[in-house]
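Chain by chain, the residues run as shown.
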Amino acid sequence: PSSKTALAEAELEYPEGHTSPSIYVGFNITSPSDKAAEVLKPFMPNLQVAIWTTTPWTIPGNLAVAINPELEYAVVAVAGAEQERYLIVAKDL
């Protein structure tokens, strides 16, 4: 794009057969609320929030992860990790 701004997938038109890159990323928990800190303490400091995006070029500019208060989340252990690692994910996904 000429403005060099990040665009959402729905804002672009691609040729037939285009495949969009997507990635999963774990963002570190840096400053949980007091209430969340109490619940998440057993998983710290190896806890991250999992996200998925089709705009991986925007990752360097991310400063925060939003969660939906209407969804339930779960802490899951990452299988096969070299060191203990946990992710917060939407429970029904």
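A few points on the structure. (Residues numbered from 1 in each chain as written. Predicted model: local features only at pLDDT ≥ 70, side-chain atom pairs only at ≥ 80, totals over all residues. Heavy atoms only, no water.)

What follows is about unusual backbone geometry. A cis geometry characterises the amide bond from methionine 44 onward to proline 45, with omega recorded as 5°. With respect to the helices and strands, proline 45 occurs in the loop between helix H1 (34-40) and strand E2 (47-53). (Helix = DSSP H or I, 4+ residues; strand = E, 2+ residues; numbered from the N terminus.)

Under the definition given, this model contains one salt bridge. The salt bridge partner of lysine 91 is glutamate 72, with a shortest N-O separation of 3.7 Å. In this pair, lysine 91 is assigned in the segment after strand E4 (86-90) and glutamate 72 in the loop between E2 and strand E3 (73-77), connecting sequence segments 19 residues apart. Under the relative-accessibility criterion, glutamate 72 is labelled exposed at 55%. (Salt bridge = Lys/Arg side-chain N within 4 Å of Asp/Glu carboxyl O. Buried < 20%, exposed > 50% of the residue type's maximum accessible area, 1.4 Å probe, protein only.)

Here we come to the layout of surface pockets. The space that makes up the largest pocket amounts to roughly 530 Å³. Ile29, Val49, Val65, Ile67 and Ile88 are, among the 21 residues lining the largest pocket, the residues nearest its centre. Elements represented by at least two residues in the lining of the largest pocket include exactly strand E1 (23-28), H1 and E3. In terms of residue count, E3 provides more of the lining of the largest pocket than any other element does, three residues in total. Tallied by class, residues from the lining of the largest pocket come to 16 nonpolar, five polar and no charged. The calculated volume of the second largest pocket comes to roughly 230 Å³. The wall of the second largest pocket is formed by Val49, Ala50, Ile51, Val65, Ala66, Ile67, Tyr73, Ile88, Val89, Ala90 and Leu93. Of the residues assigned to the lining of the second largest pocket, the class counts are eleven nonpolar, no polar and no charged. (1 Å grid on protein atoms, 1.4 Å probe; cavity = no way out; pocket = protein on both sides within 12 Å on 5 of 7 lines; lining within 4 Å. Points joined across faces, edges and corners; volume = space filled by probe spheres on them. Nonpolar A, V, L, I, M, F, W, Y, C, P; charged D, E, K, R; others polar.)

Turning to the nonpolar core, a few remarks are in order. Counting eight residues, the largest nonpolar core is built from Ile29, Leu40, Leu47, Val49, Ile51, Ile59, Tyr86 and Ile88. Secondary-structure elements contributing two or more residues to this core are E2 and E4. At three residues, E2 tops the list of elements feeding residues into this core. (Core = buried A, V, L, I, M, F, W, Y, C linked by side-chain atoms within 4.5 Å.)

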